[in-house]
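One-letter residues, chain by chain:
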Amino acid sequence: MRANRWPLFTVLSAVLLSAFLARARQEPTSSPGPLDARAIEQILGLSGSTVDGVFKVTKPRSDLRVTMDGFPIPPRMGLTGWLAFRPHAGGAMVMGDLPLLESELQPVLTALVEGGVEVSALHNHFVGEQPRVMFLHVGGMGDPLPLARGLRAALDAIDGLRASRGVPAPEPEVRSELDPEKLNAILGGTGDYKEGVYKVTLGRPGVRVAEMGVEVNAAMGFNSWAGLEGTREKAAIAGDLAMLAEEVNPVVRELRRAGIAVVAIHNHMIREEPRTFYLHYWGVGRAEDLARGLRAGLDRLSGGGR
């Protein structure tokens, strides 16, 4: 009987060792060091800030003149690029989103590939906008400074193409007459109202999502947001909902019941656990009705998307 215990012991040891190695691949082996945010800013040519352990820069596409259903689409309604760096044991994890004209897409992809930056998604956020805009999600893990240089090459490609188009027309003023307090009360958040756009961002604090073992928090893009412009009687709403797989269709049903168009459902990451999806929407109608329709969709998320 004693001799028969060794094969079982060997099997159990192999299983435990395999589990340990798998966990080691998923989790950093040491505490991450601080990012050199100043060096990243100098490379990118953009100023940023650190929130919840994430250093983030934004790049509004104020050079674009995009319209949809008679409404101008300013940067605060979804035309702002962003890049975020989160430290981990091997350096940093990078994520970001770049809004691009179709003519900018391939030059930017080439710059990213040559700069060692990964591409994780390419898709639309609107349907019927003029001109058409695509959104390119980027990522990477490793030494943050080479990654920043690869991203800077992509930004330079955008700037070079913009310069070739000449000086853009003056940015139209967005005129809105909205009641931010009522919108905050309906949506259950604290939005801000500036440049003619009411905007609110809601995280998913009750849901933990990790990409290659590194947590992806709201500052890294795992969040829902909404923007409204116009008047109380005729407004436009646009935004993005971050969802788990089982939440997708309940959210779609609520938005359609409210007359809000679902314009895209897609991924932003490649290796995330659990699997996540992002839904982009657009609607025109009374501002408070649009907010209530969106609230119904948010209520289908675990924790109400708060």
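None of the values given here were measured: they were computed from a predicted structure.

Reading guide: rules and limits
Residues numbered from 1 in each chain as written. Predicted model: local features only at pLDDT ≥ 70, side-chain atom pairs only at ≥ 80, totals over all residues. Heavy atoms only, no water. Pairing = 2+ DSSP bridges. Helix = DSSP H or I, 4+ residues; strand = E, 2+ residues; numbered from the N terminus. Axes fitted to C-alpha atoms, helices over the stretch in contact; angles between N-to-C directions. Contact = heavy atoms within 4.5 Å. Buried < 20%, exposed > 50% of the residue type's maximum accessible area, 1.4 Å probe, protein only. Lys, Arg positive; Asp, Glu negative; His and termini not counted. Salt bridge = Lys/Arg side-chain N within 4 Å of Asp/Glu carboxyl O. 1 Å grid on protein atoms, 1.4 Å probe; cavity = no way out; pocket = protein on both sides within 12 Å on 5 of 7 lines; lining within 4 Å. Points joined across faces, edges and corners; volume = space filled by probe spheres on them. Nonpolar A, V, L, I, M, F, W, Y, C, P; charged D, E, K, R; others polar.

Participant: Help me understand the sheet that holds strand β14 (residues 235-244), please; the structure alone is not making it clear to me.
Facilitator: Ordered by their spatial adjacency, six strands build an open sheet running β9-β10-β13-β14-β17-β15, and the pairing between neighbours is antiparallel. Two strands bound the open sheet, and with one partner strand each, they are β9 (192-194) and β15 (261-266). Between one strand axis and the next, the sheet turns through 15° on average, direction left out of account. Here β15 pairs with strand β17 (residues 276-285) via five bridges, running antiparallel. Note on β17: the bridge partner recorded for Ala 261 is Trp 282. Lying over the sheet, helix α5 (residues 180-187) contacts β9 and β10 (197-203), oriented at roughly 25° with respect to β10. Across the sheet, helix α7 (residues 287-298) lies against β10, β13 (223-230), β14 and β17, angled at about 5° from β14, the strand it touches most.

Participant: What's the story with helix α2 (residues 37-44) in this structure? I'm lost.
Facilitator: Residues separated by three or four positions in an α-helix point in the same direction, a consequence of the helix having 3.6 residues per turn. Taken together, the buried positions of α2 are occupied by Ala 39, Ile 40, Glu 41, Ile 43 and Leu 44. Where the residues of α2 are buried, they touch β1 (48-51), β2 (54-60), β5 (80-88) and α4 (144-164). Taken from the residues just after α2, Gly 45 is the one with a positive phi, measuring 75°.

Participant: Just checking my understanding: could you explain the sheet that holds strand β11 (residues 210-211) for this structure?
Facilitator: Sheets are built from strands that pair by backbone hydrogen bonding, the pairs being arranged parallel or antiparallel. Read across the sheet, three strands follow the order β12-β11-β16 without closing on themselves; strand pairing throughout is antiparallel. Since the sheet does not close on itself, it has two edges, and those belong to β12 (214-215) and β16 (272-273), each with one partner. As paired elements, β11 and β16 share two bridges and run antiparallel to each other. Counted as the bridge partner of Ala 210 is Glu 273 from β16.

Participant: Explain the side chain of Glu 229 here, please?
Facilitator: Mapped onto the fold, Glu 229 is located in strand β13. For the buried Glu 229, which has no salt bridge, the nearest side chain bearing the opposite charge is Arg 76, at an N-O separation of 9.9 Å. Sequence-distant contacts of Glu 229, defined by excluding residues within four places in its chain, comprise Phe 71, Pro 72, Pro 74, Met 77, Val 174, Ser 176, Leu 178, Gly 196, Val 197, Lys 234, Ala 235 and Ala 236.

Participant: Help me understand the environment of Gly 189, please; the structure alone is not making it clear to me.
Facilitator: Structurally, Gly 189 is set in the loop between α5 and β9. Spatially, the C-alpha atoms of Gly 189 and Lys 199 are 9.8 Å apart, while their sequence positions differ by ten residues.

Participant: Sorry, what's going on with the pairing of β5 here?
Facilitator: Each regular strand carries side chains that alternate between the two faces of the sheet. Among the nine residues of β5, eight are classified as buried, and the element is accordingly described as predominantly covered. Adjacent in sequence and paired antiparallel, β5 and strand β6 (residues 91-101) are bridged by two residues.

Participant: Could you clarify how one ought to interpret the pairing of β2 in this entry?
Facilitator: Inspection of the sheet shows β1 paired to β2 by four bridges, in the antiparallel sense. Considered in β2, the bridge of Thr 50 is made with Phe 55. If you look at the hairpin formed by β1 and β2, you'll find two residues sitting between the two strands, and Asp 52 has a positive phi there, around 55°. Bridge count between β2 and β5: six bridges; the pairing is antiparallel. Bridge pairing links Lys 59 to Gly 81 in β5.

Participant: How should the environment of Ala 37 be read in this particular structure?
Facilitator: For Ala 37, the position within the fold is in helix α2. In this structure Ala 37 comes out as partly exposed when scored by relative accessible area, which is 21%. A sequence separation of 107 residues divides Ala 37 from Pro 144, and the C-alpha atoms of the two residues are 9.6 Å apart.

Participant: When you look at the layout of surface pockets in this model, what are you seeing that I'm missing?
Facilitator: Once rolled over the atoms, a probe with the size of a water molecule shows which space is left empty. Considered as a void within the structure, the largest pocket measures approximately 1,000 Å³ in volume. Around the largest pocket sit 35 residues that line it, and Lys 56, Thr 58, Trp 82, Lys 199 and Thr 201 are the ones nearest its centre. Counting residues per element, the lining of the largest pocket draws most heavily on β2, which supplies four residues. Split by residue class, the lining of the largest pocket holds 13 nonpolar, 13 polar and nine charged. Quantified by volume, the second largest pocket comes out at close to 220 Å³. Lining of the second largest pocket is provided by 24 residues; of these, Met 95, Ser 120, Val 138, Gly 139 and Met 269 occupy positions nearest its centre. Broken down by element, the residue count for the lining of the second largest pocket peaks at five residues, all from strand β8 (residues 133-142). In terms of residue class, the lining of the second largest pocket is made up of 14 nonpolar, seven polar and three charged.

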